[in-house]
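# Structural description and commentary
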Amino acid sequence: MNALTWIAVGSLVVWVWLLLGQGFFWRTDIRLPSGGQPADPGGEPGANLDDEECWPAVAVVVPARDEAAVLPVSLPSLLAQDYPGPVEIFLVDDGSTDDTGKLARELADEHGGLPLTVDSPGEPPPGWTGKLWAVRHGMTLAGARPDTEYLLLTDADIAHEPDSLRELVRAARGSGLDLVSQMARLRVATVWERLIVPAFVYFFAQLYPFRWVNRAGARTAAAAGGCVLLRREAAERARVPEAVRHAVIDDVALARAVKRGGGRIWLGLADRVDSVRPYPRLAELWRMVSRSAYAQLRHSPPLLVATVAGLALVYLVPPVALCAGLVADRPALWAAGAAAWALMAATYVPMLRYYRQTLWLAPLLPVTALLYLLMTLDSAVRHYQGRGAAWKGRTYARPGAAP
């Protein structure tokens, strides 16, 4: 066999391992645990109690920067939460220039529902990202109520079904979890969203298999920042958000801090929590990925090279091997390429079904992977040009780098 055939066989071996040995990342059946009934404050998890007095107090913290376009859809869903216990919403206006705070107050007056406090912390000090500075301010406001047991950290572009908070708390209390996070179902409407968005969640699950995240004692930790229910005591023990104040990928850093602090965490796909932010063009999706891709690699050139090589081996080699083998009439080459490509497509099918998309997108995963490879390279280029991790007018340096 020639070199390309050996490479194609290597790609096939990797896909067999990914199918069976990477935490069954491709399955989409990790959903919010029922958890039974919430326990009373002094009781055991899973106690069969459903008295309104047994539901703990929750503070909802919503960091928001220039979110006037999505607030009319997302904020009313929070105001309308059907939660039996005490709950208050704190929307933290992170230096918006589009009257986000004013609109939030108007929506609260129009829709009524849960009490809403709108405040602003001012510009973040050095060493803090804007979002985490806003989260810190929201947690400080929530701390004025000493009986608050849980914090719901949710983004301004996330819409919740009326029972969302109730089910999150039920899962946390009933299963004894310190952090419960749901990967919100992202919007998939345009051609580019269909091509890129399901793959974004697929790649995330491949990197952080949910079963490994949810296994007590496992090192893997991750969360989805759009919807995180966090027990206040666990946050204090993990020194959140101070311990992760510089993190651009703040959700993963938060989960790691909680798990290092001895907390139990859970991550899964959402059925009733949705992102309403549109990404109609490739440019918006490109920015979403490239702003943090190199930060995910810890700004390491060796990791960048390894990632590019890995993406090429796993996703690009199979179709190249199939086409080259057919043209050169090399059965071993095209057979290895075809088998690897088939496994790749098969593992993508559950995610496409979750997003209610045509299964004909499955064979196009190599095209999407190539786009992600280019986005990752662009992220590195932007970093070395001083434009890395830029979002809504702010650019964040690598932690520890000179200002």
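Residues numbered from 1 in each chain as written. Predicted model: local features only at pLDDT ≥ 70, side-chain atom pairs only at ≥ 80, totals over all residues. Heavy atoms only, no water.

Let us now look at the overall build of the chain. Helix and strand counts for the chain come out as 13 helices and 10 strands. Rg of the C-alpha trace for the chain: 22 Å, near the compact-globule value of 22 Å for 403 residues, within the 12% margin. With respect to the principal axes defined by its C-alpha atoms, the chain has extents near 70 × 50 × 35 Å. Going through the 403 residues of the chain one by one, you find that 53% of them count as buried. In the chain, 81% of the contacts between residues at least 6 apart in sequence involve partners at least 24 apart. Put simply, the chain shows about 17600 Å² of open surface, and 59% of that area lies on carbon and sulfur atoms. Across the chain, the centroid of the 40 positively charged side chains sits 10 Å from that of the 39 negatively charged ones. (Helix = DSSP H or I, 4+ residues; strand = E, 2+ residues; numbered from the N terminus. Rg over C-alpha atoms; globule rule 2.2 N^0.38 Å. Buried < 20%, exposed > 50% of the residue type's maximum accessible area, 1.4 Å probe, protein only. Contact = heavy atoms within 4.5 Å. Areas by Shrake-Rupley, 256 points an atom, 1.4 Å probe, with all protein chains shown as cover. Lys, Arg positive; Asp, Glu negative; His and termini not counted. Charge placed at Lys NZ, Arg CZ, Asp CG, Glu CD.)

Looking at soluble globular proteins, one finds that nonpolar side chains tend to be buried together. Among the nonpolar cores identified, the biggest contains 110 residues, and V58, Y202, L229, L230 and Y315 are the most heavily contacted of them. Examining the composition of this core, we find that 9 residues originate from one element, helix α6 (residues 191-207), more than from any other. Within the second largest apolar cluster, 5 residues are counted, among which are A8, V317, L333 and A336. (Core = buried A, V, L, I, M, F, W, Y, C linked by side-chain atoms within 4.5 Å.)

Once that is clear, we can look at the pattern of salt bridges. In this structure the tally under the stated criterion is 22 salt bridges. The partner of D250 in a salt bridge is K131, with the nearest N and O atoms 3.4 Å apart. Residue D250 is located in helix α9 (residues 250-260), and its partner K131 is located in helix α4 (residues 130-142); the two are separated by 119 residues in the primary sequence. For D250, a relative accessible area of 14% translates into the label buried. Two residues, E236 and R232, come together in a salt bridge whose shortest N-O distance is 3.5 Å. (Salt bridge = Lys/Arg side-chain N within 4 Å of Asp/Glu carboxyl O.)

Low pLDDT means the predicted atomic positions in that stretch should not be read closely. For the chain, the average pLDDT comes to 91, and 91% of its residues sit at 70 or higher. Ignoring residues within four places in sequence, the model shows residues 37-49, a span with pLDDT below 50, making 29 contacts including any to other chains. (pLDDT = per-residue confidence, 0-100.)

Before going further, it helps to examine the pairing of strand β3 (residues 116-119). Looking along a regular strand, one sees side chains alternate from face to face of the sheet. Pairing analysis gives 4 bridges linking strand β2 (residues 87-93) to β3, with the strands arranged parallel. What sits directly across from L91, in β3, is V118. Following the backbone out of β2, through helix α3 (residues 100-111) and into the adjacent parallel β3, one traces a crossover that is right-handed. (Pairing = 2+ DSSP bridges. Right-handed = clockwise from strand over helix to strand, strands pointing away.)

Here we come to the packing of α6 against helix α13 (residues 365-384). Angle between the axes and distance between the axes: these two values describe a pair of packed helices. In the contact formed by α6 and α13, the axes pass within 10 Å of each other and the chain directions differ by 75°. By the criterion of interaxial angle, the relationship of α6 to α13 is roughly perpendicular. Only L365, T368, A369, L371, Y372 and M375 of α13 make contact with α6, whose side of the interface consists of W192, L195, I196, A199, F200, Y202 and F203. (Axes fitted to C-alpha atoms, helices over the stretch in contact; angles between N-to-C directions. Parallel < 35°, antiparallel > 145°, perpendicular 65-115°, else oblique.)

Taken together, the side chains of V16, L20 and F24 present a nonpolar region at the surface, about 260 Å² in accessible area. Looking at the element boundaries, F24 is found in the loop between α1 (3-21) and β1 (57-64). (Patch = residues over 30% accessible without salt bridge, like charges linked within 9 Å, V, L, I, M, F, W, Y side chains within 5 Å.)

Tracing the chain through its elements places T190 in the loop between β6 (179-185) and α6. Each C-alpha atom, one on T190 and one on M288, is 16 Å from the other, the two residues being 98 residues apart in sequence. Sequence-distant contacts of T190, that is, excluding residues within four places in its chain, are made with Y279 and P280. Polar side-chain contacts of T190 include one of 3.5 Å to the backbone oxygen of P280. (Polar contact = N/O pair within 3.5 Å; in protein donor to acceptor, adjacent residues only side chain to side chain.)

In this section: a negative patch on the surface. Together, D99, E106, D109 and E110 line one region of the surface with negative charge. With respect to the secondary-structure elements, E110 resides in helix α3.

Attention shifts here to α13. Taking 1.5 Å as the rise per residue, α13 with 20 residues should run 28 Å; its terminal C-alpha atoms sit 29 Å apart, in good agreement. Downstream of α13 by one or two residues, G386 has phi in the positive range, about 80°. (Expected span 1.5 Å × (residues − 1).)

Next up on the list: the pairing of β2. With respect to burial, β2 is a largely interior element, 6 of its 7 residues being buried. For β1 and β2, the ladder comprises 7 bridges, and the chain directions are parallel. Bridge assignment links V60 to a residue of β2, and that residue is I89. Traced from β1 through helix α2 (residues 71-79) to β2, the parallel crossover comes out right-handed.

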